[in-house]
Amino acid sequence: MKTTNLGYPRIGSKRELKKALEQYWSGNTTIEALLDTAKAIRKENWLLQKEQGIDLIPSNDFSLYDQVLDLSTTLGCIPERYQALANNPSFSSYDLYFAMARGIQKDGIDITAMEMTKWFDTNYHYIVPEFTKEQVFKVSAGKIINEYKEALSLDIKTKPVLIGPVSFLLLGKEKEDGFHRIDLLERLLPAYENILQQLSDIEAEYVQFDEPYLALDLSEKEQRAIHQTYANFVSKFPNLKITVANYFDCFGANIDTALALPVHTLHLDLVRCPLQLDDILESNKLNSYTHLSLGVVDGRNVWKNNFEESLKLIQKAVDHLGGDRILIAPSCSLLHSPCDLDLETKEENLSGEIKQWLAFAKQKLEEVATLKSLANKENLSENLEKLRKNSEVHAYKKTAGLIHNQKVKQRVSSLTQKDDQRKSPFPVRQRLQKEALDLPLFPTTTIGSFPQTKEVRSWRANFKKGNLSAEEYNTLLEKETQETIEFQERTGLDVLVHGEFERNDMVEYFGEQLNGFAFTSFGWVQSYGSRCVKPPIIYGDVSREAPMTVKWSAFAQSLTKKPVKGMLTGPVTILQWSFVRNDQPRSETCTQIALAIRDEVVDLEKAGLKVIQIDEPAIREGLPLRKEDWNTYLDWAIKAFRISASGVNDETQIHTHMCYSEFNDIISNIADMDADVITIECSRSQMELLDVFATFKYPNEIGPGVYDIHSPRVPERAEMVALMEKAAKQIPTEQLWINPDCGLKTRHWPETREALIEMVAAARECREKK
Ligand code: GLN
Ligand code: ZN
């Protein structure tokens with residue numbers, strides 16, 4: 001039996017890579033300094049994995065920006081628009097690489113970045129490969145070979161990791177018509193073979209190919225492509241021990257394809273899909289020589305492994321195949337885990353009691369090694385003690401007072417249908433709200449946040465450091481809020497917002513005030529490039545201790561006669577952007593959050609707020625990988641939103657906001673949310689994405705964003721009027737609102753002022769034209 005790892009976080013346990021990248025990008029350091037940091041991180045990671053007892057340690061899992069972009073450059077997939085850069089001797093290969101990742105504007109050169117999108121159902125974003133019909137692949141495998149040699153000099157024979165050819169093609173995008181990217185396989189395989197040849201020349205023994213598309217439903221052609229690829233590799237490189245890794249879900253309908261692969265090892269995600277092990281073992285379809293890599297340690301969440309449960313799975317596999325054909329592994333690359341729990345020393349952030357339930361990347365490796373020796377019955381006395389302790393921790397977890405709150409559980413179980421329904425149907429509410437709010441046609445509003453200026457952020461930092469008293473901090477925020485209300489009144493907006501200056505982040509702000517949430521000091525996870533997020537950890541039943549936002553919303557409302565919109569983050573988004581407990585279904589945790597938000601909504605209403613927005617930008621990203629699982633998710637997710645929104649009277653207007661507008665396949669679920677008003681991103685698609693609302697005859701009100709907030713550009717009035725005229729052709733005017741695409745927190749004040757003045761003027765023009 002062996003231990004293996006699929007990939008290790010590369011950002012550095014204290015985000016050393018992030019800092020080095022940003023220094024380099026800002027021109028403060030040389031490329032050598034950046035490369036030194038990168039090398040030091042690799043070394044530390046390799047040695048750490050060795051020390052933790054990992055037999056097959058990955059290489060080429062490191063990246064300066066993104067592993068998919070690395071492979072694009074390795075295979076010579078450089079889009080045409082970068083060729084000038086590639087051929088220009090004054091730009092290095094690193095300049096080219098970062099230009100592809102981030103775009104470049106320098107010395108008269110102006111090239112946009114490649115597109116970025118989410119890596120399956122994680123919060124990691126990769127750079128989308130671009131393919132042309134006559135795509136030529138040209139290998140430069142320096143990174144792969146050098147990293148292998150670098151580890152070898154530390155006396156570690158690594159297992160190079162590559163994204164498999166089929167997944168690489170499917171991750172990309174056709175940049176011209178007339179072909180499907182999977183048709184490029186014939187051209188692509190020789191390039192991969194070239195890399196395998198180079199690896200075998202330096203006597204690499206193992207290679208791991210990630211083919212996470214096996215967790216999605218592949219067409220027959222794609223299944224054949226998988227088979228052809230690996231049959232080909234194995235026959236040409238019989239000495240390489242090839243692993244095909246699948247993760248994030250089971251093989252599903254691809255199972256026969258996967259089991260027929262003549263490869264050395266198949267990796268399974270047994271955290272997402274423990275039941276597939278039985279299917280595989282009982283099918284007897286596995287080749288007699290194929291090993292199974294059992295992904296029993298969760299690579300995507302922060303919880304300590306349950307050894308008893310993992311050992312049951314391992315034992316079953318050993319009984320069928322024998323220990324020699326088994327590897328123990330994390331479920332997927334540890335890229336998605338924070339680095340090291342040992343760094344968490346601040347008891348006030350993460351108490352010892354909570355820490356006993358957690359494991360980050362480094363600890364997960366130790367778990368993998370312990371599981372192997374437990375399964376092998378090595379070091380019996382020491383290991384049995386570890387097993388006993390582990391069982392104790394998990395037994396205690398079942399009743400721990402810190403986790404379990406009977407009141408919350410009872411409240412969830414006593415929910416009835418009327419709790420997720422507004423008192424009256426929308427047409428009745430709409431009439432009552434019209435009377436209560438007295439808004440013009442094409443009412444104007446914003447999405448919530450106003451610029452989080454350097455000053456605002458420095459106040460928060462100084463308050464946290466103790467350099468500002470609570471009173472001083474409050475006074476500054478009050479002043480900023482007041483000025484923002486005054487600006488909105490002056491400008492003539494119809495529904496005002498307080499500006500969200502008191503908030504750091506739209507989830508953290510709520511998590512910090514809710515029971516059941518904990519925060520780490522160093523629990524960073526790479527989101528893309530140098531960007532990291534530090535998701536809260538939901539460890540226990542969620543409840544609200546006291547009102548969370550009422551003070552600021554009520555304060556803002558006290559300054560104006562115009563309606564102020566209360567601002568909340570919705571239950572699905574809070575869930576989606578956190579590490580979620582795994583001892584109960586996600587739906588249960590989501591419902592608990594929904595009830596906490598519901599209480600806040602009711603309190604805002606009591607405090608005199610007539611409009612309340614519950615943001616749900618993450619509903620879409622919560623969709624499961626396989627379509628057949630969508631409905632189950634959407635049922636509980638939409639219901640959670642409705643629970644949060646349904647405690648108020650008909651006169652109170654509930655808004656929701658989403659930062660996108662691809663609703664084609666979920667429009668009926670979005671309509672089911674029954675928000676009185678939904679604001680969405682629309683300007684970049686020139687309102688085209690509104691089509692689906694029109695076709696569906698979406699019954700409630702909509703604010704299709706009229707300008708893009710991602711750029712400082714001030715939109716022209718005529719542009720916005722034209723967009724609204726387009727919208728009005730699709731949606732009855734009585735249903736339309738005018739607002740920007742999203743919150744304004746990343747913008748500066750000058751362009752914000754100008755843009756909103758123009759937007760209000762555009763609304764007036766629309767009204768006059770009616
Ligand atoms: N109310 C939030 C804001 O304006 C919404 C942000 C979001 O949807 N991502 O900042
Ligand atoms: Zn948004």
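Asker: Could you clarify how one ought to interpret the site of ligand 1 in this entry?
Answerer: Around ligand 1 lies a shell formed by Ile447, Gly448, Ser449, Glu500, Met506, Asp615, Pro617, His657, Cys659, Cys742, Gly743 and Lys745. Ile447 places a main-chain nitrogen or oxygen 3.1 Å from a nitrogen atom of ligand 1. Burial of ligand 1 by the protein chains amounts to 94% of its free accessible area of 290 Å². Taken together, the residues of the shell around ligand 1 sort by class into five nonpolar, four polar and three charged.

Asker: When you look at the pattern of salt bridges in this model, what are you seeing that I'm missing?
Answerer: The tally for this structure, following the rule as stated, stands at 49 salt bridges. Here Arg503 makes a salt bridge to Glu502, at a shortest N to O gap of 3.2 Å. Here the residues in one salt-bridge network are Arg42, Asp70, Lys143, Glu147 and Glu150, joined through shared partners.

Asker: What is the right way to look at the packing of aromatic side chains in this model?
Answerer: The description of an aromatic ring pair rests on the distance of the ring centres and on the angle between the ring planes. If you walk through the whole model with that rule in mind, you get 27 aromatic pairs. Ring geometry for Tyr192 and Phe209: centres 6.1 Å apart, planes at 45°, overall tilted. Pair noted here: Tyr192 is in helix H8 (residues 185-201) and Phe209 is in strand S10 (residues 206-210), with a separation of 17 residues, a long-range link. In this pair, the class of Tyr192 matches that of Phe209, namely buried. An angle of 25° between the planes, with centres 6.2 Å apart, marks the rings of Tyr192 and Phe233 as stacked. With Tyr192 in helix H8 and Phe233 in helix H9 (residues 220-236), the pair connects residues that are 41 residues apart, well separated along the chain. Judged by its relative accessible area of 0%, Phe233 is buried. Here a set of aromatic residues connected by ring pairs shows up, and it is made of Trp119, Phe120, Tyr126, Tyr213, Tyr247 and Phe248. In this structure, Arg15 packs its charged tip against the face of Trp524, placed 3.7 Å from the ring centre. When the ring centre of Trp25 is taken as origin, the NZ or CZ atom of Arg102, which lies over that ring, is 3.6 Å away.

Asker: Would you mind showing me how to read the sheet that holds strand S1 (residues 2-3) here?
Answerer: If you walk across this open sheet you meet the eight strands as S1-S14-S13-S12-S11-S10-S8-S2, and the pairing is parallel. Only two strands of the sheet have a single neighbouring strand rather than two, namely S1 and strand S2 (58-59). Sheet topology note: the S1/strand S14 (residues 326-330) ladder contains two bridges and is parallel. Counterpart to Thr3 in the pairing with S14 is Ile328.

Asker: I would appreciate a short explanation of the packing of helix H3 (residues 67-74) against helix H5 (residues 93-102) in the present structure.
Answerer: The description of two helices packed together rests on the angle between their axes and the distance between the axes. Two numbers describe how H3 lies on H5: the axes approach to 11 Å, and their chain directions differ by 130°. Considering their axes alone, H3 and H5 lie oblique with respect to each other. In this structure, H3 crosses over H5, and the sense of that crossing is right-handed. Residues Leu69, Asp70 and Thr73 of H3 form the contact with H5, whose participating residues are Tyr97, Met100 and Ala101.

Asker: Just to check I follow, could you spell out the confidence of the model for the protein for this structure?
Answerer: Atom-level detail of predicted coordinates should not be read off regions where pLDDT is low. Of the residues in the protein, 100% have a pLDDT of 70 or more, and the chain-wide mean is 97. Taken element by element, the predicted model of the protein shows its lowest mean pLDDT in strand S3 (residues 104-106) (87) and its highest in strand S21 (residues 611-615) (99). With pTM at 0.96, the complex prediction returns an ipTM value of 0.99.

Asker: Just checking my understanding: could you explain helix H17 (residues 426-437) for this structure?
Answerer: Side chains of residues three or four places apart in an α-helix project in the same direction, reflecting 3.6 residues per turn. With 12 residues, H17 extends 16 Å from end C-alpha to end C-alpha; this agrees with the ideal 16 Å at 1.5 Å per step. One or two residues past the end of H17 sits Asp438, with phi positive at roughly 50°.

Asker: Looking at this structure, I do not really get the state of the cysteines. What am I missing?
Answerer: Taken as a whole and assessed by the stated rule, the structure comprises zero disulfides. Of all cysteine sulfurs in the structure, the one in Cys659 sits closest to Cys590, which takes part in no disulfide; the separation is 17 Å. Unpaired in this structure, Cys766 has its nearest cysteine sulfur neighbour in Cys682, at a distance of 15 Å. On the basis of relative accessible area, Cys766 is assigned to the buried category, the value being 5%.

Asker: Whenever I open this one, the coordination of the zinc ion (ligand 2) confuses me. Can you help?
Answerer: Metal coordination angles in their ideal form are 109.5 degrees for the four-donor tetrahedron and 90 or 180 degrees for the six-donor octahedron. Within the protein, His657 (NE2), Cys659 (SG) and Cys742 (SG) serve as the donor atoms for the zinc ion (ligand 2), at 2.0 to 2.2 Å. For the zinc ion (ligand 2), the single-chain donor residues occur in sequence as H-x1-C-x82-C. Separated by 85 residues along the polypeptide, His657 in strand S22 (residues 653-658) and Cys742 in the loop between helix H27 (717-730) and helix H28 (749-769) bring together distant segments of the chain. When sorted by exposure, His657 lands in the same class as Cys742, which is buried.

Asker: Please clarify how the nonpolar core should be interpreted in this entry.
Answerer: Nonpolar side chains in soluble globular proteins generally cluster together in the buried interior. In terms of nonpolar packing, the biggest core is built from 99 residues, with Ile597, Phe663, Leu690, Phe693 and Tyr707 touching the most fellow members. Of the residues forming this core, the biggest block, 10 residues, is contributed by helix H24 (residues 630-645). For Tyr707, the residues in contact, after removing those within four places along its chain, are Ser683, Pro715, Met720, Asn739, Pro740, Asp741, Leu744, Ala755, Leu756 and Met759. One finds Ala151, Leu270, Val296 and Val297 within the second-largest nonpolar core, a separate group that totals 98 residues.

Asker: Could you clarify how one ought to interpret the environment of Ser90 in this entry?
Answerer: Mapped onto the fold, Ser90 is located in the loop between helix H4 (83-87) and H5. For Ser90, a relative accessible area of 57% gives the class exposed. Within the structure, Ser90 has its side chain in polar contact with the side chain of Asn88 (distance 2.7 Å).

Asker: Where do I start with the side chain of Asn390 in this structure?
Answerer: Tracing the backbone through its elements, the reader meets Asn390 in helix H15 (residues 380-397). Apart from the residues within four sequence positions on either side, Asn390 is in contact with Lys304, Asn305, Asn306 and Phe307.

Asker: How do you make sense of unusual backbone geometry when you look at a structure like this?
Answerer: Residues apart from glycine generally show negative phi values, whereas peptide bonds are mostly found in trans. The phi torsion at Glu203 lies on the positive side, around 65°, for a residue other than glycine. Along the chain, Glu203 turns up in the loop between H8 and S10.

Asker: What is the right way to read the sheet that holds S21 from this model?
Answerer: Neighbouring strands of a sheet are bound in pairs by backbone hydrogen bonds; such pairs are parallel or else antiparallel. Read from one edge of the open sheet, five strands run S19-S21-S22-S23-S24, paired in parallel fashion. Two strands lie at the open edges of the sheet, namely strand S19 (565-569) and strand S24 (701-704), each paired on one side alone. Recorded for the sheet is a direction-independent mean angle of 20° between the axes of neighbouring strands. When S21 meets S22, the two strands line up parallel, connected through five bridges. Following the sheet pairing, Ile612 is matched in S22 by Ile654. Lying over the sheet, H17 contacts S21, S22 and S24, oriented at roughly 65° with respect to S24. Relative to the sheet, helix H23 (residues 586-606) contacts S19, S21 and S22, its axis offset from that of S19 by approximately 170°.

Criteria and cut-off values
Residues numbered from 1 in each chain as written. Chains lettered and ligands numbered in written order. Predicted model: local features only at pLDDT ≥ 70, side-chain atom pairs only at ≥ 80, totals over all residues. Heavy atoms only, no water. Near = heavy atom within 4 Å. Polar contact = N/O pair within 3.5 Å; in protein donor to acceptor, adjacent residues only side chain to side chain. Areas by Shrake-Rupley, 256 points an atom, 1.4 Å probe, with all protein chains shown as cover. Nonpolar A, V, L, I, M, F, W, Y, C, P; charged D, E, K, R; others polar. Salt bridge = Lys/Arg side-chain N within 4 Å of Asp/Glu carboxyl O. Phe/Tyr/Trp six-rings, centres within 6.5 Å; stacked < 30°, edge-to-face > 60°. Helix = DSSP H or I, 4+ residues; strand = E, 2+ residues; numbered from the N terminus. Buried < 20%, exposed > 50% of the residue type's maximum accessible area, 1.4 Å probe, protein only. Lys NZ or Arg CZ within 6 Å of the ring centre and 35° of its normal. Pairing = 2+ DSSP bridges. Axes fitted to C-alpha atoms, helices over the stretch in contact; angles between N-to-C directions. Parallel < 35°, antiparallel > 145°, perpendicular 65-115°, else oblique. Left-handed = near helix turned anticlockwise from the far one by under 90°. Contact = heavy atoms within 4.5 Å. pLDDT = per-residue confidence, 0-100. Expected span 1.5 Å × (residues − 1). Disulfide = S-S within 2.5 Å. Donors = N, O, S within 2.8 Å, 3.2 Å for Na, K, Ca; no water. Core = buried A, V, L, I, M, F, W, Y, C linked by side-chain atoms within 4.5 Å.

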